[in-house]
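Okay, here's what each chain looks like letter by letter:
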Amino acid sequence: MSSKSEAGKETGSVIRPTDDEARLLAKSLVRKARYGALAAIEKGTGHPLASRVAVATDLDGTPVILTSTLSGHTAAISETPACSLLAGEPGKGDPLAHPRVSLFCEARRVERGSVDHNRLRRRYLARHPKAELYVDFGDFAFFRLELLRASLNGGFGKAFELGRDDLLTRVGDLGQWAAMDAGAVAHMNEDHADAVKLYAEVLLKAEEAKWRLACLDPEGLDLVSGDRVERLWFQALLSEADELRPVLVALAAQARAKVG
């Protein structure tokens, strides 16, 4: 038993040992988040400042936000990069009974025109297409919220502390994965919309809708339909980008077998 677990036992800590189920829940809350509550230190006052922000994720699961220099939270994280992001949407009934995760982050501005910017722009617009109206305005910028650790509340009595490695997806060759992501998403939506629909409605049991593939990464794929977001996890982490195609084919075959 680790010293941390022993200490928690002695003090009656409610923190549970981190397991794969907790890791998957935390990652799912982040990957599926359309928005979150950003907590930062207000510039000039030192007071806590909370703002709602639209959220997407990079290939490795790092949260990404798009902000304007006119907003108070942009000034806040530019001066004091230490911030937190709360993700997890309440459902019916008691909002405190639903899972949520508090992410402890360092905000890093992404330079316009950089390789990172171009990749994040595509992934962000795949999740928030209406942002295309202003994404290229000069006063807007992307920030990666670099993950440090997280507090996960999976519901009453289900509290976990997670480290950076518990939250991030290992990405081998970032350039290859970025190219594969962009190309495969366009190809699947244009030529294999039937397979995308099967992923959502058969494998994930989502309601019938016009589903499209938004983003891919080494651990899974994001499916969207309007405001609805679903996450399909692969059975195992993919090491290379060229492993993706056979996995997508196998998932489609699996779904078709289920519908007979």
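**Student:** I tried to follow the environment of Ala56 on my own but got confused; where do I start?
**Tutor:** Among the secondary structure elements, Ala56 is positioned in strand 4 (residues 56-57). Accessibility expressed as a relative area gives 2% for Ala56, which makes it buried. In this structure, the C-alpha to C-alpha distance between Ala56 and Leu66, residues 10 residues apart in sequence, is 9.0 Å. Those residues in contact with Ala56 that lie beyond four places of it in its chain are Thr62, Pro63, Val64, Arg123, Tyr124, Arg127 and His128.

**Student:** Please clarify how the packing of helix 4 (residues 115-127) against helix 6 (residues 174-191) should be interpreted in this entry.
**Tutor:** To describe two helices that pack against each other, one gives the angle between their axes and the distance between the axes. For the pair helix 4 and helix 6, interaxial distance at closest approach is 11 Å and the crossing angle is 35°. Between helix 4 and helix 6 lies a crossing whose hand is left-handed. Along its contact with helix 4, which presents Arg119, Arg122 and Arg123, the element helix 6 presents Leu174, Ala178, Asp181, Ala182 and Val185. Of the residues in the contact of helix 4 with helix 6, the class split is 4 nonpolar, no polar and 4 charged.

**Student:** What am I meant to see in the packing of helix 6 against helix 7 (residues 193-203) here?
**Tutor:** At a closest axis distance of 5 Å, the pairing of helix 6 and helix 7 adopts a crossing angle of 100°. When the interaxial angle is binned, helix 6 and helix 7 end up roughly perpendicular. Contact with helix 6, carried on its side by Met188, Asn189 and Asp191, involves Ala193, Ala195, Val196 and Tyr199 of helix 7 and no other residues of that element. Broken down by class, the residue content of the contact of helix 6 with helix 7 amounts to 5 nonpolar, 1 polar and 1 charged.

**Student:** Is there a simple way to explain helix 7 in this structure?
**Tutor:** Every α-helix winds through 3.6 residues per turn, so residues three or four apart in the chain are directed the same way. If you check which residues of helix 7 are buried, you get Ala195, Val196, Leu198, Tyr199, Ala200, Val202 and Leu203. Turning to helix 7, the residues buried within the fold contact helix 6, strand 10 (212-217), strand 11 (220-225), strand 12 (228-233) and helix 8 (244-258). One or two steps after helix 7, the chain reaches Lys205, where phi turns positive at roughly 55°.

**Student:** Got a minute to help me understand the environment of Arg228 in this structure?
**Tutor:** Position of Arg228 relative to the elements: it lies in strand 12. Placed 17 residues apart in sequence, Arg228 and Arg245 show a C-alpha to C-alpha distance of 25 Å. Not counting chain neighbours up to four residues away, the residues in contact with Arg228 comprise Glu207, Glu208, Ala209, Trp211 and Leu223. Among the polar contacts listed, one links the side chain of Arg228 to the side chain of Glu207, at a separation of 2.4 Å.

So, how was this worked out
Residues numbered from 1 in each chain as written. Predicted model: local features only at pLDDT ≥ 70, side-chain atom pairs only at ≥ 80, totals over all residues. Heavy atoms only, no water. Helix = DSSP H or I, 4+ residues; strand = E, 2+ residues; numbered from the N terminus. Buried < 20%, exposed > 50% of the residue type's maximum accessible area, 1.4 Å probe, protein only. Contact = heavy atoms within 4.5 Å. Axes fitted to C-alpha atoms, helices over the stretch in contact; angles between N-to-C directions. Left-handed = near helix turned anticlockwise from the far one by under 90°. Nonpolar A, V, L, I, M, F, W, Y, C, P; charged D, E, K, R; others polar. Parallel < 35°, antiparallel > 145°, perpendicular 65-115°, else oblique. Polar contact = N/O pair within 3.5 Å; in protein donor to acceptor, adjacent residues only side chain to side chain.

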